[in-house]
Amino acid sequence: MMSRLLAVAVVGLAPLFPSAAEGQRSDLGRISFENSGAVEAQGAFIDGVLLLHSFEYEDAAEAFRRAQRIDPGFALAYWGEAMTYNHPIWMQQDREAALEALGRLGATPSDRRAKAGTEREARYLDAIEVLYGDGDKRDRDDRHADAMRRLHEDHPDDAEAAVFYALALLGTAHEGRDFPTYMVAASVADPVFEANPEHPGAAHMLIHSFDDPVHAPLGLPAAHAYSTIAPGAAHAQHMTSHIFVARGMWDAVVGANEVARDVQNARQGELGRRKSVCGHYTSWLEYGYLQQGRFDDAKAVLSACAARMDEGPAGQEPGYYGSMLLMYAVDTEDWDTIETLRRDVAGPVAGAIAWVDGYRAVLADDEAAARAALARMSPRGGFPKASALELEGMIELRWGAGVDSGLALLTEAAELEASLPYEFGPPRVSLPTYEALGDGLLRAGRAAEAVDAYRTQLQRTPGRARTLVGLAAAATEAGDAAMSREALDQLEGEWRTGTSSYR
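Residues numbered from 1 in each chain as written. Predicted model: local features only at pLDDT ≥ 70, side-chain atom pairs only at ≥ 80, totals over all residues. Heavy atoms only, no water.

1. What about the packing of aromatic side chains?
Going through the model one piece at a time under the given rule, you end up with 14 aromatic pairs. Taken together, the ring pairs connect F33, F45, F64, F74, W79, Y124 and F164 into an aromatic cluster. Looking at R428, its charged tip hangs above the ring of F424, at a distance of 5.6 Å from the centre. (Phe/Tyr/Trp six-rings, centres within 6.5 Å; stacked < 30°, edge-to-face > 60°. Lys NZ or Arg CZ within 6 Å of the ring centre and 35° of its normal.)

Below you can see the structure in the form of structure tokens.
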């Protein structure tokens, strides 16, 4: 085995002469990460880092464990495995699993630090000791980000320190997206992406930093690049659609998530597991189909998910079923299909099912059923409060004390949603709140105000089909034929281009 000193020297040449280590995959991107691990372990280690950058956490952990088996004293291989148990964007952490991984390197933080090959590597270990150390998670997230900031500042040429600092920053947005933090993260990741356009982590962090309608144009270069940087990572294929949804680019949304689903299911097949039919990628795919007017394709995706409910769902599948059923109901009002595919799923999903039942009852002019459904949403649990307010507002508007009281509830729902941090992706609220307000205003004969509500919704969810339909109807009622035609032209253009082609 080559000496550790010589290994450091050889790996340190990587920034000047980048090449794949022995056994390293070529479909995950390209990075250089100087370290003192054995040369024989570099392929597995770099695979682990690349997979970690694309949030392929399970495969990343296995790659790091391969590196550990090859070189049991490779400190950063244990750091890497521990990093896979922290999911900052999702505010998830498995501290016990991470400490177990670190414990295999050494019994105490000082024991582990002593095994680092260089002082710089010891700083990586110091940072992760903070991440999984004492104190509540929020405090540890903040202190970890600060440790990564200092590592980045002391080693400005270390691209990995920069990207993991950007990730740590995003993990400090404990109350949801706040633009200053996200823009700082982007400013850290952008120079890495400029220097290495094949860096998966830099592209990924830029997309997360910019995946809202205001900043999404800035994320387009990274979004267009990421799928080709890491074709072997399903999450990389999906992640591009964060920008595309925020831009209302439905062909691109569908194409990205079709590929992501297929890459994920190919991997599931390799592992002998069931295909994913109720998951993150399939829910975004359904939403894209709905915006393209491809209702049969959306129905097929939802049908497969409903069948999984009958077979026996696992993990987060029930939650995705609820959101997929809800999206289909709102955008199609295809109640025959809903009746066929509706499943009574327990837990927080029950709120989504109740909302669908209530919305259907409102449209069917069934007050008793609508009020019964609203009652089933209390206590509301994890279901958005704005959604319950919406349904209450619809009921009040149709059967309550008067138009003003119903519109007041719909306005409250819209203002509540607008007061919260922006959430990326398909709408989390049952019916986007300003769209629901526009519907209520239009029903009340206040077309000009409805136009304003729909236009506000389009700022929040660009290109959303149902909102465009509402805007066209409201503009017609308000006597603005040009605005109505513009909305319909946009809708017809999106529906005509439902080809799933975006490359």
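After presenting the structure, the write-up continues.
2. Side note on the nonpolar core
Of all hydrophobic cores here, the largest spans 153 residues; its most connected members are F45, W79, Y321 and W355. Among the elements that line this core, the one with the most residues is helix α9 (residues 159-170), at 10 residues. Excluding residues that lie within four positions of it along the chain, F45 makes contacts with F33, N35, F64, A67, F74, L76 and A77. Counting residues in hydrophobic clusters, the runner-up holds 5 residues, among them L389, L409, A413 and V429. (Core = buried A, V, L, I, M, F, W, Y, C linked by side-chain atoms within 4.5 Å. Buried < 20%, exposed > 50% of the residue type's maximum accessible area, 1.4 Å probe, protein only. Helix = DSSP H or I, 4+ residues; strand = E, 2+ residues; numbered from the N terminus. Contact = heavy atoms within 4.5 Å.)

3. Considerations on helix α10 (residues 179-195)
Counted at 1.5 Å a residue, the expected span for α10 with its 17 residues is 24 Å, and the 25 Å between its end C-alpha atoms agrees. Of all bends in α10, the biggest is about 30°, found at A189, and the proline P191 comes one to four residues later. For α10, the complete set of buried residues consists of T181, Y182, A185, A186, V188, A189, V192 and F193. (Expected span 1.5 Å × (residues − 1). Bend = angle between axes of the 7 residues up to and from the residue.)

4. Things to note about helix α12 (residues 216-229)
Compared with the 20 Å implied by 1.5 Å per residue over 14 residues, the 19 Å span of α12 between its first and last C-alpha is a close match. Its maximal kink placed at A222, α12 deviates by approximately 30°. Residues of α12 that are buried make contact with α2 (42-53), α10, α11 (200-210) and α13 (234-247).

5. Observations regarding the side chain of E286
Tracing the sequence through the fold places E286 in helix α15 (residues 280-292). Buried and unpaired, E286 has R464 as its nearest opposite-charge partner, separated by 10 Å. Sequence-distant contacts of E286, defined by excluding residues within four places in its chain, comprise A298, V301, L302, M324, M327 and Y328. (Lys, Arg positive; Asp, Glu negative; His and termini not counted. Salt bridge = Lys/Arg side-chain N within 4 Å of Asp/Glu carboxyl O.)

6. Observations regarding empty space enclosed by the protein
Evaluated as defined, the whole model comprises 4 cavities of 30 Å³ or more. Put simply, the largest cavity is a space of about 100 Å³. At the level of elements, α8 (137-154) and α9 are the ones that each hand at least two residues to the lining of the largest cavity. With 3 residues, α9 is the largest single contributor of residues to the lining of the largest cavity. A per-class count over the lining of the largest cavity returns 8 nonpolar, 3 polar and 1 charged. (1 Å grid on protein atoms, 1.4 Å probe; cavity = no way out; pocket = protein on both sides within 12 Å on 5 of 7 lines; lining within 4 Å. Points joined across faces, edges and corners; volume = space filled by probe spheres on them. Nonpolar A, V, L, I, M, F, W, Y, C, P; charged D, E, K, R; others polar.)

7. With respect to the packing of α9 against α10
The contact between α9 and α10 brings their axes to 9 Å, and the two run at 165°. Judged by the inter-axis angle, α9 sits roughly antiparallel to α10. Judged by the sense of rotation from one axis to the other, the crossing of α9 with α10 is left-handed. Within the contact between the two elements, α9 uses A159, A162, V163, Y165, A166, L169 and L170 and α10 uses T181, Y182, V184, A185, V188, A189 and V192. Partitioned by chemical class, the residues of the contact of α9 with α10 number 13 nonpolar, 1 polar and no charged. (Axes fitted to C-alpha atoms, helices over the stretch in contact; angles between N-to-C directions. Parallel < 35°, antiparallel > 145°, perpendicular 65-115°, else oblique. Left-handed = near helix turned anticlockwise from the far one by under 90°.)

8. Structural notes on unusual backbone geometry
Positive phi is not limited to glycine here, since F55 has a value of about 60°. Note that F55 resides in the loop between α2 and α3 (57-70). Under the relative-accessibility criterion, F55 is labelled buried at 6%. With a phi close to 60°, D365 is a non-glycine residue in the positive phi region. Tracing the backbone through its elements, the reader meets D365 in the loop between α19 (349-363) and α20 (367-376).

9. Side note on the state of the cysteines
For the coordinates displayed, the defined rule picks out 1 disulfide. A sulfur-sulfur distance of 1.9 Å marks the disulfide that ties C278 to C305. Given an S-S torsion of about 125°, the disulfide between C278 and C305 has right-handed geometry. On the criterion of sequence distance, the pair formed by C278 in the loop between α14 (250-270) and α15 and C305 in helix α16 (residues 295-311) is long-range, its members being 27 residues apart. Take C278 and C305: they sit in the same class, and that class is buried. (Disulfide = S-S within 2.5 Å.)

10. Here we look at the environment of H152
With respect to the element layout, H152 can be found in helix α8. Taking C-alpha positions, H152 is 54 Å from A473, a pair spaced 321 residues apart along the chain. Discounting residues that sit within four places of it in the chain, H152 has contacts with A161, A162, Y165 and V188.

11. Topic: the environment of H87
Within the secondary structure layout, H87 lies in strand β1 (residues 86-87). With near-sequence residues (within four places) excluded, H87 lies in contact with Y57 and Q92.

12. Comments concerning the pattern of salt bridges
Side-chain pairs of opposite charge can arise whenever the charged atoms involved come near each other. All chains considered together, the criterion is met by 46 salt bridges. E81 serves as the salt-bridge partner of R65, at 3.2 Å between the closest nitrogen and oxygen. Highlighted residues: R65 in helix α3 and E81 in helix α4 (residues 75-83), separated in sequence by 16 residues. Several salt bridges converge on common partners, so that one network encompasses E62, R65, R69, E81, E100 and R104.

13. Considering the side chain of H242
Residue position: H242 is located in helix α13. The class of H242 is buried, set by a relative accessible area of 2%. Ignoring sequence-local partners within four residues, the contact set of H242 consists of I207, H208, D211, H280, W284 and F424.

14. A word on the packing of α19 against helix α21 (residues 385-399)
Close contact between α19 and α21 brings their axes to 10 Å; oriented N to C, the two are set at 20°. For the element pair α19 / α21, the angle class is roughly parallel. The way α19 lies across α21 gives a crossing that is left-handed. Contacts between α19 and α21 involve W355, G358, Y359, A361, V362 and L363 from the former and S387, E390, L391, M394, I395, R398 and W399 from the latter.

15. Concerning the confidence of the model for the chain
In low-pLDDT regions, the fine details of the predicted coordinates are not to be read closely. Taken over all residues, the pLDDT of the chain has a mean of 92, while the share at 70 or more is 93%. Every residue in residues 1-18 is under pLDDT 50, and counting partners more than four places away or in other chains gives 27 contacts. In this model, residues 499-503 is a region of pLDDT below 50 whose contacts with residues beyond four sequence positions or in other chains number 20 contacts. (pLDDT = per-residue confidence, 0-100.)

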